[in-house]
Amino acid sequence: AVVSTQSTGKGYLPEYVSLTSQSLRVVGLDREETNTAGGLQRNQLMERLWMPLFKKQNKTVVDKVCVNHYRPVTLDLKEEHISKDFVSHISDLSDGFVSADKNTILVGLHACGDLTSLLLQTFLRCPQLKSVVSVGCCYHLITQKERTQSYMTDGPHKPKLADPSSIHAYPMSAYLQNSPLYFTRNALNLASQAPERMSSTRNLPAKNVFYRAIFQVLLKEQFESLPACNVGHSASNATDFISYSMAALKKLKLRGSPSEYIVRSYSERFNDGSFERKIYLFHQLRTLLSRVIECLILIDRMLFLHDNGVEPAVFGLFDPVVSPRCYVLVAEKP
């Protein structure tokens, strides 16, 4: 059996696996009931279309195509599901579609945020789970074990910290738990960037990157002190720096906000093009560090498996231009 985890969505991966590997039973797990319903509808459609597709490709047609070897199930994987009875629980949810005592592969294709750490811990805990295949994503959503280092800043850039009694996604390994290598939120956001795609498309960052840089200068010069604040996407539709700043100031609700006349003076001050070029150059150089942070997260996960007697491997699976989160972590229990 193959269990495809929370990133199943409407079941494209698990359904494809079940159709092309007819000896496997596949359960696709997703937290959203709407995705499960969509997966069921798509499976019914594929039952009608798969046989003609086989014939069109001149492939050997078997008597019974294994469309029904895929079953979508709704499950929001959480800490309480990390147990030796995980496969038994999936068997119950799928009405016995998969046997509780069969060897199972746990698959997470672009498992978001903390989901990868939950997968790895579930893999180790449940004896029926013999292998794990995981491609992570959304590193900016992972939780970290709480530390007090000064470089873990306060305010909007403070990293997402786990409750001391809960499971955290970084660091997982014993080695890095005893090291000072922790991330700010900015660093985790950076790990989710796509340097190869940026190089391939040669597209410049959004104009808002430039506006936000000028706005930071304005805040520092116009206010003696600032509370923790985050502009976010409140001004994402702005067409120029003035409209961006006015929308951002409205959201922040700061006392003594500068007038539009003052805001316009900053637009004129940085309007010669040189500052904008420097911002874009800095952004591109900064993006080159994204793989460094991503690799450290992957090494931590590998060391965690090694700590628990499993030897993992990481290798490139996808074209990084098409799928920037292209590294897959695989492991098999001895």
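Residues numbered from 1 in each chain as written. Predicted model: local features only at pLDDT ≥ 70, side-chain atom pairs only at ≥ 80, totals over all residues. Heavy atoms only, no water.

With that settled, the discussion passes to the nonpolar core. Counting residues in each nonpolar core, the largest one holds 27 residues, and the members touching the most others are Phe86, Phe123 and Leu305. Among the secondary structure elements, those contributing two or more residues to this core are strand E2 (26–30), helix H3 (86–93), strand E4 (104–112), helix H4 (115–125), strand E5 (129–137), helix H12 (290–307) and strand E7 (327–332). Broken down by element, this core gets its largest block of residues, 5 residues, from H4. Excluding its chain neighbours within four sequence positions, the residues that come into contact with leucine 305 are Leu120, Phe123, Leu124, Val310, Pro312, Leu329 and Ala331. Judged by nonpolar contacts, the second largest core, of 24 residues, contains Leu218, Val231, Tyr244 and Leu254. (Core = buried A, V, L, I, M, F, W, Y, C linked by side-chain atoms within 4.5 Å. Buried < 20%, exposed > 50% of the residue type's maximum accessible area, 1.4 Å probe, protein only. Helix = DSSP H or I, 4+ residues; strand = E, 2+ residues; numbered from the N terminus. Contact = heavy atoms within 4.5 Å.)

Another aspect to go through is the pattern of salt bridges. Under the counting rule described, the total for this entry stands at 7 salt bridges. With its nearest N and O atoms 3.4 Å apart, the salt bridge here joins aspartate 85 to lysine 84. Given the relative accessible area of 53%, lysine 84 is considered exposed. For glutamate 196, the salt bridge identified is with arginine 291, shortest N-O distance 2.8 Å. Of the two residues, glutamate 196 sits in helix H7 (residues 195–201) while arginine 291 sits in helix H12, which places them 95 residues apart along the sequence. In this structure arginine 291 comes out as buried when scored by relative accessible area, which is 11%. One continuous salt-bridge network, built from bridges that share partners, spans Glu196, Arg291, Glu294 and Arg325. (Salt bridge = Lys/Arg side-chain N within 4 Å of Asp/Glu carboxyl O.)

Another point: the pairing of E5. Burial analysis of E5 places 7 of its 9 residues in the buried class, the great majority of the element. In this sheet, E5 lies alongside E4 in parallel orientation, the contact comprising 8 bridges. In the sheet register, cysteine 112 faces E5, and the bridge partner there is cysteine 137. Regarding the hand of the β-α-β motif, the stretch spanning E4, H4 and E5 is right-handed. Inspection of the sheet shows E5 paired to E7 by 4 bridges, in the antiparallel sense. Paired with valine 132 across the bridge in E7 is alanine 331. (Pairing = 2+ DSSP bridges. Right-handed = clockwise from strand over helix to strand, strands pointing away.)

Moving on: a nonpolar patch on the surface. Side chains of Leu281, Leu285 and Leu288 sit close together on the surface and give an oily, nonpolar patch of about 310 Å² of accessible area. Relative to the assigned elements, leucine 288 resides in the loop between helix H11 (274–287) and H12. (Patch = residues over 30% accessible without salt bridge, like charges linked within 9 Å, V, L, I, M, F, W, Y side chains within 5 Å. Areas by Shrake-Rupley, 256 points an atom, 1.4 Å probe, with all protein chains shown as cover.)

To continue, consider the packing of aromatic side chains. Taken as a whole and judged by the stated rule, the model has 8 aromatic pairs. Ring geometry for tyrosine 211 against tyrosine 244: centres 5.9 Å apart, planes inclined by 50 degrees, an arrangement best described as tilted. Taken together, the positions of tyrosine 211 in helix H8 (residues 207–222) and tyrosine 244 in helix H9 (residues 241–252) put the pair 33 residues apart, joining distant regions of the chain. Like tyrosine 244, tyrosine 211 is buried. Members of the aromatic cluster, connected to one another through ring pairs, are Phe210, Tyr211, Phe215, Phe241, Tyr244, Phe270 and Phe275. We note arginine 25 situated over the ring of phenylalanine 97; from NZ or CZ to the ring centre the distance is 4.7 Å. Above the face of the phenylalanine 123 ring, lysine 333 is positioned so that its terminal group lies 5.0 Å from the ring centre. (Phe/Tyr/Trp six-rings, centres within 6.5 Å; stacked < 30°, edge-to-face > 60°. Lys NZ or Arg CZ within 6 Å of the ring centre and 35° of its normal.)

This part covers the packing of H8 against H11. Contact geometry for H8 and H11: axes closest at 10 Å, N-to-C directions at 110 degrees. With respect to their mutual orientation, H8 and H11 come out roughly perpendicular. Once H8 is placed against H11, the crossing between them reads as right-handed. Facing Lys207, Val209, Phe210, Ala213 and Ile214 of H8, the residues of H11 in contact are Phe275, Glu276, Ile279, Tyr280 and His283. Of the residues assigned to the contact of H8 with H11, the class counts are 7 nonpolar, 1 polar and 2 charged. (Axes fitted to C-alpha atoms, helices over the stretch in contact; angles between N-to-C directions. Parallel < 35°, antiparallel > 145°, perpendicular 65-115°, else oblique. Left-handed = near helix turned anticlockwise from the far one by under 90°. Nonpolar A, V, L, I, M, F, W, Y, C, P; charged D, E, K, R; others polar.)

A few words on unusual backbone geometry. Here the bond from tyrosine 170 into proline 171 is cis, since omega is -10 degrees, no more than 30 degrees from zero. Note that proline 171 resides in the loop between E5 and helix H5 (174–177). At aspartate 95, a position not held by glycine, the phi torsion is positive, near 55 degrees. With respect to the helices, strands and loops of the structure, aspartate 95 is situated in the loop between H3 and E4. One non-glycine residue, cysteine 138, lies in the positive phi region at around 50 degrees. Tracing the chain through its elements places cysteine 138 in the loop between E5 and H5. For cysteine 138, a relative accessible area of 23% corresponds to the partly exposed category.

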